[in-house]
Amino acid sequence: MDNYLLIKYLHILSAFILAGTGVGIAFFMWMATRTKNISVIVITAKHVILADWIFTAPAILVQFITGSLLMEKLQYSFESPWFMSVFSLFVFVGFCWVPVIVLQYRLKKLAIEAEAIGILGGNFYRVLKYWVALGIPAFIGILIIVWLMVFKPLDVV
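What you see is a predicted model, and the numbers here were worked out from it, not measured in a lab.

Cut-off values and rules
Residues numbered from 1 in each chain as written. Predicted model: local features only at pLDDT ≥ 70, side-chain atom pairs only at ≥ 80, totals over all residues. Heavy atoms only, no water. Axes fitted to C-alpha atoms, helices over the stretch in contact; angles between N-to-C directions. Helix = DSSP H or I, 4+ residues; strand = E, 2+ residues; numbered from the N terminus. Parallel < 35°, antiparallel > 145°, perpendicular 65-115°, else oblique. Left-handed = near helix turned anticlockwise from the far one by under 90°. Contact = heavy atoms within 4.5 Å. Buried < 20%, exposed > 50% of the residue type's maximum accessible area, 1.4 Å probe, protein only. Expected span 1.5 Å × (residues − 1). Bend = angle between axes of the 7 residues up to and from the residue. Nonpolar A, V, L, I, M, F, W, Y, C, P; charged D, E, K, R; others polar.

*Asks:* So what exactly am I meant to see when it comes to the packing of helix H1 (residues 4-35) against helix H4 (residues 122-151) here?
*Replies:* In a packed pair of helices, the relevant descriptors are the angle between the two axes and the axis-to-axis distance. Relative orientation of the contacting elements H1 and H4 amounts to 155 degrees, with a least axis distance of 11 Å. Our classification of the angle between H1 and H4 gives roughly antiparallel. Every pair of crossing elements has a handedness; the one defined by H1 and H4 is left-handed. Contacts between H1 and H4 pair His11, Ala15, Leu18, Ala19, Val23, Ile25, Ala26, Met29 and Thr33 from the former with Phe124, Tyr125, Leu128, Trp131, Phe139, Ile142 and Met149 from the latter.

Next up, the structure:
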């Protein structure tokens, strides 16, 4: 039995999960920080970290595995300009995402500390700026990867 369509489905589904979780996490963290309610920020920071481990991390793994399987099934070259572009962006997004995870734990810790004293300090907002500064290019990278997957503007063989 040919499992091409199943692999393709899982690849597309994990791309949706990856992009959707990224947007959702950013939106809810932004909305929580706008409230300036430290308890809301603490709860949201905890959920953001959980969402990344439940949704984002597995989606990244599924993307890598199904992408590799599709490359082999479709006999695309792993040395093609298209693959090199997609893989370079995948690595770039990963280099942005790993520090984002670390920053999310830092944001949670700072928010918990702030909750104890009742004041959210400037250090929280400084770390949040780094989080945003890494999240935006990572998300743009994901959008470009999806565009490359759909339109394949570069040679694949």
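The rest of the description comes next.
*Asks:* When you look at the side chain of His11 in this model, what are you seeing that I'm missing?
*Replies:* Secondary-structure assignment places His11 in helix H1. His11 gets classed as buried once you look at its relative accessible area, which sits at 9%. Among residues more than four places away in sequence, those in contact with His11 are Gln63, Thr66, Gly67, Leu70 and Met149.

*Asks:* I'm lost on unusual backbone geometry in this one. Help?
*Replies:* Trans peptide bonds make up the majority, and among non-glycine residues the majority have a negative phi. Backbone geometry places Gln75, a non-glycine residue, at a positive phi of 55 degrees. Topologically, Gln75 is positioned in the loop between helix H2 (38-73) and helix H3 (81-117). Residue class for Gln75 comes out exposed when judged on its relative accessible area of 67%. With a phi close to 40 degrees, Lys152 is a non-glycine residue in the positive phi region. Residue position: Lys152 is located in the segment after H4.

*Asks:* Got a minute to help me understand H2 in this structure?
*Replies:* For an α-helix, 3.6 residues make a turn, and residues three or four places apart therefore share a direction. Its 36 residues give H2 an end-to-end C-alpha distance of 50 Å, which sits within 8% of 52 Å, the value for a rise of 1.5 Å per residue. Of all the bends in H2, the greatest measures close to 35 degrees and is centred on Asp52. Positive phi shows up at Gln75, right after H2, with a value of about 55 degrees.

*Asks:* Got a minute to help me understand the packing of H2 against H3 in this structure?
*Replies:* With their axes 9 Å apart at the nearest point, H2 and H3 run at an angle of 160 degrees to one another. One element, H2, and the other, H3, form an angle in the roughly antiparallel class. The hand of the H2/H3 crossing is left-handed. Along the lines of polarity and charge, the residues of the contact of H2 with H3 split into 21 nonpolar, four polar and four charged.

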